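As a plain string of letters, each chain reads:
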Amino acid sequence: MLRLGMPVIGVTDVPRAVAFWTAALDLVATEERASETWRTLEHADGSGRALGLLRSASPAEPRPRVHLDLFAETREEQRSEIERLTRLGARTVDWDSYPPDPDFVVLADPDGNIFCVVDLSHAAGGSDRPRD
């Protein structure tokens with residue numbers, strides 16, 4: 001029987017991506033299948049795999065069909081986390097499809113991979129998430 005493994009993000013610089021995502025999400029890099037082209041990141045509490053990083057020659061998609069949503073409990077936490085993530089190397093994205101009064105902010109990691117920081121206290125249930 002198949003089971004879902006983990007999300008994998010394509011990156012151009014594996015060490016840079018390891019540094020960003022481990023700091024962003026309090027993850028740890030493991031030696032599981034580690035190579036110049038792959039790193040597995042686990043939850044720091046030892047509860048298992050969280051994210052895979054795979055070196056990729058293709059550019060990040062400007063409007064990916066699959067992306068990560070990172071949750072913040074309040075608008076203040078959302079703002080604080082966005083500031084922290086930008087200090088780590090993320091950048092805000094000029095997203096032209098925000099709905100009125102959005103519950104999310106679109107960012108890109110150092111490789112340009114799009115992700116969202118969602119304020120759960122304001123979340124609309126997912127109907128207003130970025131679309132193609």
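Conventions adopted
- The residue count restarts for each chain, going from 1 along the sequence in the order it is written.
- It should be noted that, the model being predicted, local features are given only for residues of pLDDT at least 70 and side-chain atom pairs only at 80 or more, the latter also being counted only at that level, while totals for whole chains, interfaces and linings use all residues.
- Only hydrogens and water are set aside when side-chain values are computed; all heavy atoms of the structure are taken into account.
- The buried label goes to any residue with under 20% of its type's maximum accessible area, the exposed label to any with over 50%, and the partly exposed label to all in between, with areas taken from a 1.4 Å probe on protein chains only.
- Secondary structure counts use DSSP, requiring at least four H or I residues in a row for a helix and at least two E residues in a row for a strand, with both numbered from the N terminus.
- Note: two strands are recorded as paired if DSSP finds a minimum of 2 bridges between them.
- When checking whether two residues touch, look at their non-hydrogen atoms; a contact exists if any pair is within 4.5 Å.
- Here, a salt bridge means any Lys or Arg side-chain nitrogen found within 4 Å of an Asp or Glu carboxyl oxygen.
- To qualify as a nonpolar core, a set must consist of buried Ala, Val, Leu, Ile, Met, Phe, Trp, Tyr and Cys residues joined through side-chain atoms within 4.5 Å.

Novice: Is there a simple way to think about the pairing of strand 1 (residues 8-11) in this case?
Specialist: Successive side chains on a regular strand alternate, one facing one side of the sheet and the next facing the other. Here strand 1 shows a clear split, with Ile9 and Val11 buried on one side and none of Val8 and Gly10 buried on the other. Alignment of strand 1 against strand 4 (residues 49-55), held across four bridges, turns out to be parallel. Within strand 4, the residue paired with Ile9 across the bridge is Leu53.

Novice: Would you take a moment to explain the sheet that holds strand 5 (residues 68-72) for this structure?
Specialist: Across a sheet, paired strands are connected by hydrogen bonds in the backbone, their directions being either parallel or antiparallel. Read from one edge of the open sheet, four strands run 5-8-7-6, paired in mixed fashion. The open sheet has two edge strands, strand 5 and strand 6 (91-92), and neither has a second partner. Taken together, the five bridges between strand 5 and strand 8 (residues 114-119) define a ladder with parallel strand orientation. Paired with Ala72 across the bridge in strand 8 is Asp119.

Novice: Looking at this structure, I do not really get the side chain of Gln78. What am I missing?
Specialist: With respect to the helices and strands, Gln78 occurs in helix 2 (residues 75-88). The exposure class assigned to Gln78 is buried, which follows from its relative accessible area of 4%. Excluding residues that lie within four positions of it along the chain, Gln78 makes contacts with Ala72, Asp103, Phe104, Val105, Val117, Val118 and Asp119.

Novice: What's the story with the pattern of salt bridges in this structure? I'm lost.
Specialist: When charged atoms on two side chains of opposite charge get close, those side chains can pair. Per the counting criterion, the structure on display carries six salt bridges. With a shortest N-O distance of 2.8 Å, Glu32 and Arg49 are connected by a salt bridge. Within this pair, whereas Glu32 is found in the loop between strand 2 (27-29) and strand 3 (38-43), its partner Arg49 is found in strand 4, the two being separated by 17 residues in sequence. On the basis of relative accessible area, Glu32 is assigned to the partly exposed category, the value being 24%. When its relative accessible area of 45% is taken as the criterion, Arg49 is described as partly exposed. Where Asp119 meets Arg75, a salt bridge forms, and the shortest distance between an N and an O atom there is 3.9 Å. With Asp119 in strand 8 and Arg75 in helix 2, the pair connects residues that are 44 residues apart, well separated along the chain. Residue Arg75 is classed as partly exposed on the basis of its relative accessible area, which comes to 27%.

Novice: Is there a simple way to think about unusual backbone geometry in this case?
Specialist: Where the residue is not glycine, phi is negative for most of them; where a peptide bond is considered, it is trans in most cases. Residue Asp26 is not a glycine yet carries a positive backbone phi of 55°. Residue placement: Asp26 occurs in the loop between helix 1 (14-25) and strand 2. Phi at Asp101 takes a positive value of approximately 50°, unusual for a residue other than glycine. Residue position: Asp101 is located in the loop between strand 6 and strand 7 (104-108).

Novice: What should I look at first to understand the nonpolar core in this one?
Specialist: Inside soluble globular proteins, nonpolar side chains tend to come together where they are buried. In this structure, Phe20, Trp21, Leu41, Leu51, Leu53, Leu85 and Phe115 are the most contacted members of the largest nonpolar core, which totals 20 residues. Counting residues per element, the ones that place at least two in this core are strand 1, helix 1, strand 4, helix 2 and strand 8. Top contributing element to this core by residue count: helix 1, with six residues. Apart from the residues within four sequence positions on either side, Leu41 is in contact with Val18, Trp21, Thr22, Leu27, Val28, Ala29, Arg49, Ala50, Leu51 and Leu53.

Nothing here speaks to function; it is geometry throughout.
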